[in-house]
Amino acid sequence: MNYELLEEAAQFISGRWPDARPTHGLILGSGWSEVVDSFEIKESLDYGEIPGLGKAGVVGHAGKLAWASSAGVETFIFQGRRHYYEGVGWTPIAIPIYILKKLGATTLILTNAAGGARDAMTPGDLMIIADHINNFGVNPLAGSHDPVWGPRFPDQSHVYDPGLREKLAEAGRKAGVPLTSGVYLASTGPTYETPAEVQAYKSWGADAVGMSTVPEAILANAAGLKVAGLSCITNLAAGISQVDLSHEEVTDTTQQTMPRMKKVLTAFWQELAHAG
Ligand code: HPA
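Notes on the structure follow. From a predicted model like this one, the values you see are computed outputs, not experimental measurements.

Relative to the 16 Å expected for 12 residues at 1.5 Å per residue, helix α2 (residues 91-102) spans 15 Å between its end C-alpha atoms, a close match to the ideal helical length. Of all 12 residues in α2, 10 are buried, a share of seventy percent or more. Looking at the buried positions of α2, the neighbouring elements they touch are α1 (3-16), β1 (24-28), β4 (73-79), β5 (107-116) and α5 (214-222). Just downstream of α2 lies G104, where phi reads positive at about 90°.

Shown next as structure tokens:
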């Protein structure tokens, strides 16, 4: 992790937006960028302008940081994320969390697209992440230790804050959008899983599989932020699906699910506002 770049990124944002006091952060996964329409946007920046963040390299990832609010909750929205499979190391992945921490945010909401591994899941389902399995084989906190990430050996018993999970469930009920809950397993990608891997991961307790979110959740939890995660099940995982997997299917399903994702997040921000 390049701490000079992390610090440069945070100082760049403070310099550009001296009045920004985000209490919440939102990182949007594949195809989710459009949910910014549900927020009031004050200003936005291209990722390319932010030191160390670079351009988001995947179709469906806008690559913009929006300074926004909803229900009066000041929020930094990262439209698009950097992934481990891009081979860019951990720094660009850590930058959003570092910025949020340095600017005093308390809460991070992570969204993603995922393959459904559990029986009876359907593309378009929305899943509250109850817990995760880190199948990267590496950890963003490996390496020299910096106190910004809390203790050397961070507890992982409650990475996804139980209070936020309850608020998400309540938001789903109020918005009239059914939400399921489950365990998200992340591997590095960029390959999708083989059918044999999906069967193995199911036996470990995975309900959904993907290539992101886990590193950010580990970092944010270590930094003392409360974390919530929401997956859009865009396809059935390999071997369960009758068709070969493709990024087009992922973005198509996200697009079709967009109205429900927007409703849930709008209702969720109202719940967050009530929390004071
Ligand atoms: N596997 C991994 N990542 C994904 C999937 C999947 O099936 N769908 C969307 N992202």
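Here the structure, examined in full by the defined rule, presents 12 salt bridges. In this structure, the salt-bridge partner of K102 is E7, at a minimum N-O distance of 3.8 Å. Of this pair, K102 sits in helix α2 while E7 sits in helix α1, and the two are 95 residues apart along the sequence. Exposure remark for K102: the relative accessible area of 45% places this residue in the partly exposed category. Here R173 and E170 are joined by a salt bridge, their closest N and O atoms 2.9 Å apart. Of the two residues, R173 and E170 both sit in helix α3 (residues 162-175), 3 residues apart, roughly one turn of that helix. E170 gets classed as partly exposed once you look at its relative accessible area, which sits at 24%. Linked through salt bridges whose partners overlap, the residues forming this network are E166, E170, R173, K174 and E271.

What counts as what
- Residues numbered from 1 in each chain as written.
- Predicted model: local features only at pLDDT ≥ 70, side-chain atom pairs only at ≥ 80, totals over all residues.
- Heavy atoms only, no water.
- Helix = DSSP H or I, 4+ residues; strand = E, 2+ residues; numbered from the N terminus.
- Expected span 1.5 Å × (residues − 1).
- Buried < 20%, exposed > 50% of the residue type's maximum accessible area, 1.4 Å probe, protein only.
- Contact = heavy atoms within 4.5 Å.
- Salt bridge = Lys/Arg side-chain N within 4 Å of Asp/Glu carboxyl O.

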